[in-house]
Amino acid sequence: SAFIKTLRGSDPDAALVWLFAMVGSGEHPRFIFRRMAIFASEDIGNADPRALQIVMAAWDAFERVGLPEGEYFLAHACIYLAQAPKSNAIKRAMDASRRAVERASSLEVPNHLRNAPVKAMRTQHGYSEGYQYPHDAEEGIVQASYFPIGWEPQDFYSPTVHGYEEEVRQRLARAKTIIRQRDAMRS
C-alpha cells in the first residue's frame, strides 16, 4: 500500500525506499512487477502509455537476468512510474461502462455493425447494411452510431489534460463531433 500510494504521489525517492523494503523482507519481485503493471494502467493509463511498456520490458528483463542484477529493472520501472504523469481515466471509464452494461435491459447489436458469415444472411436480414468503412473517410472517422440499439451516446472515457492524454482528449473530441453529427441532425 505504501509503495503504490508513493508511486501515485510521484515521489520516486520514497518509492525506492518502499520497493527495497519489500525486496529486503522477502517479497518476490514478480509480485512487485505485477503491482507495477496494474499501476501503469490504473493510475497512469494514457497520460503516458509507455509506462506499461516500460514495466513489461523491465519484468521481462528481470525474468531473463534474475537477482541480484534484476534489481536494476525493478528500480528502473519504479522510478519511471513515480515520475510519469498520472490519470485514472481508464479506471473511471471501465467502471462507468461496466455499470451501464450491468443496468442495460438490452445489448442488441445494430444491423450495420453485424457481420454476416454468408451473403444470404446479409441480404435477408440486412446485416452490415449502412456500414461505412472508416478508412475510406478523409479523417478516418464516419458519422455513425456504435452503441447498442436504444442507447444514447455516452462519454465513459474522459481523458485528463495530463501528459499524452491531453492529445488523446483533443483527438476524441474531434472524433465524437464527427461520429455524433448524425444524432445531432436527428434532434
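Look above for the structure.
These notes cover the structure that comes with them. None of the values given here were measured: they were computed from a predicted structure. (Residues numbered from 1 in each chain as written. Predicted model: local features only at pLDDT ≥ 70, side-chain atom pairs only at ≥ 80, totals over all residues. Heavy atoms only, no water.)

Considerations on the packing of aromatic side chains
Next up, step 1: Using the criterion set out here, one finds three aromatic pairs in the structure.
Next up, step 2: Residues Phe 33 and Trp 59 carry aromatic rings whose centres are separated by 5.9 Å and whose planes lie at 10° to one another, so their mutual orientation is stacked. Highlighted residues: Phe 33 in helix 3 (residues 29-44) and Trp 59 in helix 4 (residues 50-65), separated in sequence by 26 residues.
Next up, step 3: On the accessibility criterion, Phe 33 (0% relative accessible area) is buried.
Next up, step 4: Centroid distance Phe 147 to Trp 151: 6.2 Å. Interplanar angle 20°. Geometry classified as stacked. By the burial criterion, Phe 147 is buried, and Trp 151 matches it. (Phe/Tyr/Trp six-rings, centres within 6.5 Å; stacked < 30°, edge-to-face > 60°. Helix = DSSP H or I, 4+ residues; strand = E, 2+ residues; numbered from the N terminus. Buried < 20%, exposed > 50% of the residue type's maximum accessible area, 1.4 Å probe, protein only.)

Concerning helix 2 (residues 12-24)
Next up, step 1: With 13 residues, helix 2 extends 18 Å from end C-alpha to end C-alpha; this agrees with the ideal 18 Å at 1.5 Å per step.
Next up, step 2: Those residues of helix 2 lying buried are Ala 15, Leu 19 and Val 23. Down the axis of helix 2, the smallest arc covering the buried residues is 75°, so these residues share one side. Of the exposed residues in helix 2, those oriented more than 90 degrees away from the buried face are Asp 13, Val 17 and Gly 24.
Next up, step 3: Contacts from the buried residues of helix 2 go to helix 1 (2-8), helix 3 and helix 5 (71-83).
Next up, step 4: With a side-chain oxygen lying 3.2 Å from the backbone nitrogen of Asp 13, the N-terminal cap of helix 2 falls on Asp 11.
Next up, step 5: Downstream of helix 2 by a residue or two, Gly 26 has a phi angle that is positive, lying close to 100°. (Expected span 1.5 Å × (residues − 1). Arc of directions from axis to C-beta. Contact = heavy atoms within 4.5 Å. Polar contact = N/O pair within 3.5 Å; in protein donor to acceptor, adjacent residues only side chain to side chain.)

The quantities given are spatial measurements derived from coordinates; they are silent on function.
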